Amino acid sequence: MLEFSKAKIWSIIAVLVAGVIFAIPNAFPEEQVQAWPSWAPKKQMNLGLDLRGGSHILLEANAEGLARANIDKMEEDALSELRRAEGGAIAVGDVSNRGGRVSFLVRNVDDVDRAVDLLRNLSMPIGVTGQRSFNVEVADGNRIVLTQTSAGRTQALEGAMTQAVEVIRRRIDELGTREPTIIRQGTERIVVQVPGLQDPSALKQLLGKTAQLEFKLVDIAADPADVAAGRAPAGSQILQMADTGQPIAVKRRSIITGDQLMDAQQTLQQGQWVVSFRFDSAGGRRFARVTQENVGKPFAIVLDNRVISAPNINEPILGGSGVISGSFNAESSNELAILLRSGKLPVELKVVEERTVGPDLGADSIRAGTIASLVSVLAVGLFMLITYGRFGVYANIALVLNVILILAIMSLTGATMTLPGVAGMVLTIGAAVDANVLINERIREERRKGRNVRAAVETGFKEASRTIWDANTMNLIVAAVMFAFGSGPIKGFAVVLTIGIITSVFTAVTITRLFISNWLHRKRPTTITI
């Protein structure tokens, strides 16, 4: 236990030196660190919302709106499937999607069974439960009714919320913010915390937009009087122009959607801010075909059911790219480009809670945490020094190195320090000497049994190590459970606790053993005070 090869000694020294190097940036302001030479380490430990200040936003999904959208989509898919049915189109009438279900009459009773088989293929199975997303039933002999099941609604909401978290993450990343926290809360809510952001208005606007981009043909045959009165011809709908609020009739069916966009960027054209976009290969081909077939006709660029612009198709657009123009400035064009790049939200989200944490409060938390950490280190160090003498000095050095290694690892891994994380560090400082207490007490016991100094130290380390490993393994399991099932503050506490357990075992067992081994080899004492 007390023998160290040169390779092992140099490995330990290298770890400690690296820890000091990567922990140093945390002792300086961020602006000063960024001005250091390119070869110097610049990573600093991220501070959470409660330490750095920033914005907290709670978003809630419109579950009813999502269910209605799924009903509308099922209606569209069902009618499309019936039109393209093998053996000839199946004629239907009296189509309705009221009451949370889709229903229609099959005009030819002989086609009912064929229609039911086709529509059941549209209903997706839910896991291994045997349930499906939609029930398909026949009423009155020739009326088919499709009703969304509760399992289907739950699955649709779960999938939409999972996707929404990723879309929100991409949008916030586009803003260049640092270490946002984006977590689910319950089934219908998402918590967004952005450290360092003191004005959440732009963030709210960005997160609240669905960003559903659609390209639709303008219905030039619509009667202007009917459009002004809000009445749309069959197959069309009335939308409003984003800049003037004027109504415009557009075809209900999209010719292409933003799902096929590959990129979007803000650009300046003739002194005006516009957003250039580019479709993928399939979208580019479809866009080219539609513009070839509709030269001379206007088409509408629709974002979240508002028409941004409705230009004429002067010539076929064959390159798979185009430009969205309107009343844009630098900020609004950049915001639209971010929305289009990050993709549309699968469900409408609204802000139900908003909080702003000031940097002064964060500074107070850092100050209080620093004082608590220093007091705990000094108190524990004084106790170890008084109780164990030289062995206490070694334990104190290991304790300081333990704190340095925690800071270094958190900086390198990009982990975020929160206020509960500070509590985890203080707890780690107190628990870090547990291993040394166990070792020192076991050495005392071995000395009382009459063993010589070297044998007592070696046995003390060997026997105490088993208990240390068992105890810290249990602590790691608890920390892993907290990280897996906790959220927000609980995860912050678990992260620091996990790192602290690993570093404390390394410093308390390996580092102190190296110090004691070196002292024993140099001095060869015949007695020790412990």
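Here goes a summary of the coordinates provided. (Residues numbered from 1 in each chain as written. Predicted model: local features only at pLDDT ≥ 70, side-chain atom pairs only at ≥ 80, totals over all residues. Heavy atoms only, no water.)

**Remarks on the layout of surface pockets**
Line of reasoning, step 1. Its boundaries defined by the atoms lining it, the largest pocket holds a volume of some 2200 Å³.
Line of reasoning, step 2. Contributing to the lining of the largest pocket are 47 residues, with Ala69, Asp72, Lys73, Glu76 and Gln212 lying nearest its centre.
Line of reasoning, step 3. Broken down by secondary-structure element, the contributors of at least two residues to the lining of the largest pocket are helix H4 (63-83), helix H6 (150-174) and strand E9 (213-217).
Line of reasoning, step 4. Ranked by residues supplied to the lining of the largest pocket, first place goes to H4 with 15 residues.
Line of reasoning, step 5. The class makeup of the residues in the lining of the largest pocket is twelve nonpolar, 17 polar and 18 charged. (1 Å grid on protein atoms, 1.4 Å probe; cavity = no way out; pocket = protein on both sides within 12 Å on 5 of 7 lines; lining within 4 Å. Points joined across faces, edges and corners; volume = space filled by probe spheres on them. Helix = DSSP H or I, 4+ residues; strand = E, 2+ residues; numbered from the N terminus. Nonpolar A, V, L, I, M, F, W, Y, C, P; charged D, E, K, R; others polar.)

**Regarding the packing of aromatic side chains**
Line of reasoning, step 1. Across all of its chains, the model carries eleven aromatic pairs by this definition.
Line of reasoning, step 2. Judged by centre distance (5.3 Å) and plane angle (75°), the ring pair of Phe28 and Trp36 falls under edge-to-face.
Line of reasoning, step 3. With a centroid separation of 6.3 Å and an interplanar angle of 70°, the aromatic rings of Phe277 and Phe287 are classed as edge-to-face. One end of the pair, Phe277, is in strand E14 (residues 272-279); the other, Phe287, is in helix H9 (residues 281-293), and ten residues separate them in sequence.
Line of reasoning, step 4. Among the aromatic residues, those joined into a cluster by ring pairs are Phe215, Phe277, Phe279, Phe287 and Phe299. (Phe/Tyr/Trp six-rings, centres within 6.5 Å; stacked < 30°, edge-to-face > 60°.)

**Quick notes on the sheet that holds strand E11 (residues 247-251)**
Line of reasoning, step 1. Spatially, six strands are ordered E11-E10-E16-E15-E9-E12 in an open sheet, and the strand pairing comes out mixed. Sheet topology places E11 and strand E12 (256-257) at the edges, where each strand pairs with a single neighbour.
Line of reasoning, step 2. The pairing of E9 with E12 spans two bridges and is antiparallel. Bridge assignment links Glu214 to a residue of E12, and that residue is Thr257. (Pairing = 2+ DSSP bridges.)

**Examining the nonpolar core**
Line of reasoning, step 1. Among the nonpolar cores identified, the biggest contains 39 residues, and Phe391, Met410, Met417, Ile443 and Val457 are the most heavily contacted of them.
Line of reasoning, step 2. Elements with a contribution of two residues or more to this core: helix H11 (359-388), helix H12 (390-413), helix H13 (419-432), helix H14 (434-448), helix H15 (453-485) and helix H16 (489-523).
Line of reasoning, step 3. Residue contributions to this core peak at eight residues, all from H16.
Line of reasoning, step 4. Ile443 has contacts with Phe391, Ala456, Val457, Gly460, Ile528 and Ile530, leaving out every residue within four places of it along the chain. (Core = buried A, V, L, I, M, F, W, Y, C linked by side-chain atoms within 4.5 Å. Buried < 20%, exposed > 50% of the residue type's maximum accessible area, 1.4 Å probe, protein only. Contact = heavy atoms within 4.5 Å.)

**Observations concerning unusual backbone geometry**
Line of reasoning, step 1. Positive phi, normally seen in glycine, also occurs at Asp140, with a value near 60°.
Line of reasoning, step 2. If you trace the backbone, Asp140 turns up in the loop between strand E5 (134-139) and strand E6 (143-148).
Line of reasoning, step 3. Here Asp304, not a glycine, exhibits a phi torsion of approximately 50°, which is positive.
Line of reasoning, step 4. For Asp304, the location among the structural elements is in the loop between strand E15 (299-303) and strand E16 (306-309).

Note that every value here comes from positions in space, so none of it alone points to a role or purpose.
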